[in-house]
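Chain and residue survey
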Amino acid sequence: EYREQRGVVLGAGIAAIGVALLVSLGVPGGPGSMHQRLGAFLQVISFTGLVVPGVVALILGISAFSTDLEPRLMGFWRSRPISSATIFWTKYLLAATGVALLLLVLNGLVILPSTWLPLDFLPSRDLQDWRGFAVGELFFLPWVLSLSTFFAVVARRTIYSAALSI
């Protein structure tokens, strides 16, 4: 399970950072271009740091359980001397850890520079207040992960569970 989820979390993190870098490199050059580029990077990464973990929580919640609920694989898991609760919580906590790590890394890319830079360097008041949204994500992401996991278990079809979770 770790090998499957690692690729999703790493891919999402690299994509979020890549988008922020591309946007910041697209800022026109000039005397204060480094200032503007870093400001654009911080704005984009603060947005992707809030959106991307939610999408990843949806993907991991559905993918962690959708394949295990097929009849042949379910019979295999039932034949093992491990409880269903242990399997469920291991998969769920692994997905939650991946989402939390992604949230921490992407928001850490905003927290660190914003703590050493003066507040007037930050391009907007929204970026200065994004910390409240990041704290809200700590409550929102487990809800998204739980909801997508619930619909994956109930619907047992990936496309149905994704549509119901959205």
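Residues numbered from 1 in each chain as written. Predicted model: local features only at pLDDT ≥ 70, side-chain atom pairs only at ≥ 80, totals over all residues. Heavy atoms only, no water.

**Topic: the overall build of the protein chain**
Helix and strand counts for the protein chain stand at 7 helices and 0 strands. Seen in sequence order, the protein chain has helices and strands lined up from the N terminus as α-α-α-α-α-α-α. Considering only intrachain contacts with a sequence separation of at least 6, the fraction spanning at least 24 residues in the protein chain is 76%. By element, 72% of the accessible surface of the protein chain is carried by carbon and sulfur atoms, the whole surface being about 9900 Å². (Helix = DSSP H or I, 4+ residues; strand = E, 2+ residues; numbered from the N terminus. Contact = heavy atoms within 4.5 Å. Areas by Shrake-Rupley, 256 points an atom, 1.4 Å probe, with all protein chains shown as cover.)

**Digging into the side chain of Ser148**
Its place among the elements puts Ser148 in helix α6 (residues 130–155). A distance of 3.1 Å separates a polar side-chain atom of Ser148 from the backbone oxygen of Leu145. (Polar contact = N/O pair within 3.5 Å; in protein donor to acceptor, adjacent residues only side chain to side chain.)

**Brief notes about the environment of Phe151**
One can find Phe151 in helix α6. On the basis of relative accessible area, Phe151 is assigned to the buried category, the value being 17%. For the pair formed by Phe151 and Gly61, sequence separation is 90 residues and the distance between their alpha carbons is 8.9 Å. (Buried < 20%, exposed > 50% of the residue type's maximum accessible area, 1.4 Å probe, protein only.)

**Regarding helix α1 (residues 2–25)**
Between its terminal C-alpha atoms α1 stretches 34 Å, which fits the 34 Å expected from 24 residues at 1.5 Å a residue. Inspection of α1 places Gln5, Val9, Ala12, Gly13, Ala16, Ala20 and Ser24 among the buried residues, and these make up the whole buried set. (Expected span 1.5 Å × (residues − 1).)

**A closer look at the packing of aromatic side chains**
Scanning the entire structure with this criterion turns up 4 aromatic pairs. Between Phe88 and Tyr92, the aromatic rings sit 5.9 Å apart at their centres with planes inclined by 15 degrees, giving stacked as the arrangement. A residue pair is termed a helical-turn pair when its members lie 3 or 4 positions apart in one helix, as Phe88 and Tyr92 do in helix α4 (residues 84–116) at 4 residues. Taking relative accessible area as the criterion, Tyr92 reaches 12% and is therefore assigned buried. For the pair Phe140 and Trp143, a centre-to-centre distance of 5.9 Å together with 35 degrees between the ring planes defines the contact as tilted. Of the two residues, Phe140 and Trp143 are both situated in helix α6; the distance of 3 residues between them amounts to about one turn of the helix. With a relative accessible area of 52%, Trp143 lands in the exposed category. One aromatic cluster is present, formed by Phe88, Trp89 and Tyr92 through successive ring pairs. (Phe/Tyr/Trp six-rings, centres within 6.5 Å; stacked < 30°, edge-to-face > 60°.)

**A look at the confidence of the model for the protein chain**
A residue-level look at the protein chain finds 73% of positions with pLDDT of 70 or above and a mean pLDDT of 76. When pLDDT is averaged over each helix and strand of the protein chain, the minimum, 56, is found for helix α5 (residues 125–128) and the maximum, 86, for α1. (pLDDT = per-residue confidence, 0-100.)

**Quick look at the environment of Leu109**
Inspection of the secondary structure puts Leu109 in helix α4. Note: C-alpha distance between Leu109 and Ile17 (92 residues apart in sequence) is 9.2 Å. Those residues in contact with Leu109 that lie beyond four places of it in its chain are Ile17, Leu42 and Ile45.

**Topic: a nonpolar patch on the surface**
On the surface, a nonpolar cluster with roughly 340 Å² of combined accessible area is contributed by Phe47, Val51, Val55 and Ile59. If you trace the backbone, Val55 turns up in helix α2 (residues 33–66). For Val55, a relative accessible area of 43% gives the class partly exposed. (Patch = residues over 30% accessible without salt bridge, like charges linked within 9 Å, V, L, I, M, F, W, Y side chains within 5 Å. Salt bridge = Lys/Arg side-chain N within 4 Å of Asp/Glu carboxyl O.)

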